[in-house]
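Commentary on secondary and tertiary structure
Residue-level listing of the chains:
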Amino acid sequence: MQACTKEYIPKPLGYNRLLLPVAQYQPLPDSLPYTFEYSTHARLLPDSSGIREKYWIEIYYPTLKANVHITYKDINKNQKLLKEFLDDAYKLTSKHQIKAYAINEVVTRTPSGKAAVIAELEGEVPSQFQFTMTDSTQHFVRGALYFNTHVANDSLAPAIEYMKKDIMHIINTLQWRNKL
């Protein structure tokens, strides 16, 4: 009649139980041409893609098996380059149309007056939330959320909502630095 002292919480078969941490933030290191606050529950890693560039990073959330890929491009006052980067970002989001049943894009302003284009994707897509930000002259940043799991997005809904709030904090705290 006696069992372990650990409290047991039953859950229905097939349901994930996610313990989402309380949001706490820290600044990026000074070695990047941009800065923002990211979660203290995440690890900052160099980008692991085969096409990585100098200022590309990944923000990895080990408990959620989630990554936010951040890519950075220097515009150098070249409007042709800016258009190319914006077109590429749009194409990357559009590639998800095969599995998405909705792609909702919105342009928003941060508290500091910066504009951000946010794309929220619905359906069984690999990336549920993406954004781009630019100052139109020097800096261009793109971010995309990915989960490293085979769990269906409807089961990931609480984690997706948690990550959206964290990414919105990134967007709202993003600042440009002078060139390094």
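See the structure printed just above.
Residues numbered from 1 in each chain as written. Predicted model: local features only at pLDDT ≥ 70, side-chain atom pairs only at ≥ 80, totals over all residues. Heavy atoms only, no water.

1. A look at helix α2 (residues 157–173)
Each α-helix turn comprises 3.6 residues. Residues three or four places apart therefore point the same way. Convention followed: The numbering of helices and of strands both runs from the N terminus, where a helix is a DSSP run of H or I of at least 4 residues and a strand a run of E of at least 2. To estimate how far a helix should extend, the number of its residues minus one is multiplied by 1.5 Å. The buried label goes to any residue with under 20% of its type's maximum accessible area, the exposed label to any with over 50%, and the partly exposed label to all in between, with areas taken from a 1.4 Å probe on protein chains only.
Here α2 contains 17 residues, and its C-alpha end-to-end distance of 24 Å stays within 8% of the 24 Å for a straight helix at 1.5 Å per residue. Those residues of α2 lying buried are A159, I160, Y162, M163, K164, D166, I167, I170 and I171.

2. Considering the side chain of K164
What counts here: Residue contacts follow a heavy-atom distance rule, with two residues in contact if any of their heavy atoms lie within 4.5 Å.
In this structure, K164 sits in helix α2. K164 has contacts with E120 and F129, leaving out every residue within four places of it along the chain.

3. Quick notes on the pairing of strand β5 (residues 57–61)
Where a strand is regular, its side chains alternate between the two sheet faces. In plain terms, the rule: If DSSP finds at least two bridges between two strands, the strands pair.
Within β5, five of the five residues are buried, leaving the element largely enclosed by the surrounding structure. Neither face of β5 is exposed, since I57, I59 and Y61 on one face and E58 and Y60 on the opposite face are all buried. Here four bridges tie strand β4 (residues 43–46) to β5, and the two strands are oriented antiparallel to one another. Residue pairing across strands places L44 opposite I59, the latter belonging to β5. Adjacent in sequence and paired antiparallel, β5 and strand β6 (residues 66–74) are bridged by four residues, among which K65 carries a positive phi angle near 55°.

4. Looking at the environment of D74
As for its position among the elements, D74 is in strand β6. On the basis of relative accessible area, D74 is assigned to the partly exposed category, the value being 33%. Put simply, D74 and T134 are 60 residues apart on the chain and 9.8 Å apart in space, counted from C-alpha to C-alpha.

5. Some points on the packing of aromatic side chains
Heads up, the rule is: Between 30 and 60 degrees the pair is tilted, below 30 it is stacked and above 60 it is edge-to-face, where a pair is any two Phe, Tyr or Trp rings, Trp via its six-membered ring, whose centres lie within 6.5 Å.
A full pass over the atoms with the stated rule returns four aromatic pairs. Taken together, a centroid distance of 5.7 Å and an interplanar angle of 40° make the contact between F85 and F140 tilted. Placement of the pair is F85 in helix α1 (residues 79–94) and F140 in strand β10 (residues 139–147), with a sequence separation of 55 residues. The pair formed by F85 and F140 is uniform in burial state, with each residue classed as buried.

6. Quick look at the pattern of salt bridges
We count it as follows: The rule for a salt bridge is simple: a side-chain nitrogen of Lys or Arg has to be within 4 Å of a carboxyl oxygen of Asp or Glu.
If you walk through the whole model with that rule in mind, you get five salt bridges. As a salt-bridge pair, E53 and K73 come within 2.6 Å of each other at their nearest N and O atoms. A residue pair is termed long-range when its members are at least 10 positions apart, and E53 in the loop between β4 and β5 and K73 in strand β6 qualify at 20 residues. E53 sits in the partly exposed class, given a relative accessible area of 35%. Judged by relative accessible area, K73 falls into the partly exposed class, the value being 23%.

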